[in-house]
Amino acid sequence: EKNTHLDRCQLFKDMWEALLHKFIHQQGIPRVRRLLSRLGAHRLCNEDMALCALAQCNGDIDTTVRKLAHYEYRLEIHRVTKIHDITALLFPNKMILQCA
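Every chain is numbered on its own, with residues counted from 1 as its sequence reads. Reporting of local features is limited, given that this is a predicted model, to residues whose pLDDT is at least 70; pairs of side-chain atoms are given and counted only at 80 or more, and all residues count toward the totals for whole chains, interfaces and linings. Remark: hydrogens and water are excluded; side-chain values derive from all non-hydrogen atoms of the structure.

K.L.:
I'd like a rundown of the overall build of the protein, residues and numbers included.
P.N.:
A run of H or I in DSSP becomes a helix once it reaches four residues, and a run of E becomes a strand once it reaches two; helices and strands are each numbered from the N terminus. For the protein, the count of helices and strands is seven helices and zero strands. Of the regular secondary structure in the protein, the N- to C-terminal order runs α-α-α-α-α-α-α. Between buried and exposed lies partly exposed: a residue is buried under 20% and exposed over 50% of the maximum accessible area for its type, with that area taken using a 1.4 Å probe on protein chains only. Buried residues in the protein amount to 38% of all 100 residues. By definition, residues are in contact when any of their heavy atoms lie within 4.5 Å. Residue pairs at least 24 apart in sequence account for 64% of intrachain contacts in the protein once pairs closer than 6 positions are excluded. Using a 1.4 Å probe, the Shrake-Rupley method yields the accessible areas, and only the shown protein chains count as cover for residues. Approximately 6,200 Å² of the protein is accessible, and the part contributed by carbon and sulfur atoms is 52%.

Encoded structure:
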């Protein structure tokens with residue numbers, strides 16, 4: 001029931017879009033790339049999930065890794081990425097997420 005509601009909830013989608021846009025704006029693309037690369041070394045999730053988790057943890061790698069170590073948190077973040085393509089929303093050209 002809760003998951004079905006979140007899948008359709010525009011407020012939930014808008015909240016995540018705003019959080020992600022704010023995170024990208026505050027951190028800047030180069031720093032976000034570095035953070036994604038550092039988090040990717042832990043092999044805990046895909047890039048979309050990593051971006052959402054980093055945004056929720058305000059770019060703190062240690063907190064993000066601790067949270068992503070929990071299966072329930074990964075499920076929650078995975079649900080967010082299934083609502084819409086997070087990286088396509090913020091980065092129409094995914095090439096900018098690749099290591100420079």
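That shown, we press on.
K.L.:
Report on the side chain of threonine 81, specifying residues and quantitative values.
P.N.:
Looking at the secondary structure, you find threonine 81 in helix α6 (residues 71–83). Whenever a nitrogen or oxygen atom comes within 3.5 Å of another N or O atom, the pair is scored as a polar contact, on the condition that within protein one atom can donate a hydrogen and the other can accept it, and that pairs from neighbouring residues in sequence are kept only if both atoms are in side chains. A polar contact of 2.7 Å, which involves the side chain of threonine 81, links it to the backbone oxygen of histidine 78. Each residue touching threonine 81, except ones within four places of it in the same chain, is listed here: Asp48, Met49, Cys52 and Ile86.

K.L.:
So, the environment of aspartate 85: which residues are in play, and what are the values?
P.N.:
Structurally, the position occupied by aspartate 85 is in the loop between α6 and α7 (86–90). Classification of aspartate 85 by relative accessible area gives partly exposed; the value is 39%. Note: C-alpha distance between aspartate 85 and aspartate 48 (37 residues apart in sequence) is 7.6 Å.

K.L.:
How would you explain unusual backbone geometry if you had to name every residue and give the values?
P.N.:
In this structure, arginine 43 is a non-glycine residue whose phi angle is positive, near 50°. Checked against the element boundaries, arginine 43 lands in the loop between α3 (29–40) and α4 (47–56). Accessibility expressed as a relative area gives 76% for arginine 43, which makes it exposed.

K.L.:
I'd like a description of α3, backed by residues and values.
P.N.:
Taking 1.5 Å per residue as the helical rise, α3 with its 12 residues ought to reach 16 Å, and the 16 Å between its terminal C-alpha atoms agrees with that figure. Those residues of α3 that sit buried are Val32, Leu35, Leu36 and Leu39. One side of α3 holds all its buried residues, which, seen down the axis, span an arc of 100°. An expected span of 1.5 Å times one less than the residue number is assigned to each helix. Note: the arc covers the axis-to-C-beta directions of the helix.

K.L.:
Summarise the confidence of the model for the protein; cite the residues concerned and give the values.
P.N.:
On average, the protein scores 85 in pLDDT, and the residues at 70 or more come to 84%. As a per-residue measure, pLDDT tells how confident the predictor is, with possible values from 0 to 100. Averaged over each element, pLDDT in the protein is lowest for α7 (68) and highest for helix α5 (residues 61–68) (97).

K.L.:
Quick one: what's the story with the packing of α3 against α5, residue by residue and with numbers?
P.N.:
Where α3 meets α5, the closest approach of the two axes is 11 Å, and the angle between their N-to-C directions is 45°. With respect to α5, the element α3 is oriented oblique. Our pair here, α3 against α5, has a crossing hand that is right-handed. Mapping the contact onto sequence places Leu35, Arg38 and Leu39 in α3 and Ile61, Thr64, Val65 and Leu68 in α5. Across the contact of α3 with α5, the residue classes tally to five nonpolar, one polar and one charged. Simply put, an axis is a line fit to the C-alpha atoms, just over the touching stretch for a helix, and the angle between two N-to-C directions goes from 0 to 180 degrees. In this scheme, roughly parallel covers angles under 35 degrees and roughly antiparallel covers those over 145, while 65 to 115 is roughly perpendicular and the rest are oblique. Each helix crossing is assigned a hand: it is left-handed if the near helix lies turned anticlockwise from the far helix by less than a right angle, otherwise right-handed if that turn is clockwise. Lys, Arg, Asp and Glu make up the charged group, whereas Ala, Val, Leu, Ile, Met, Phe, Trp, Tyr, Cys and Pro make up the nonpolar group; the residues left over, Gly among them, are polar.

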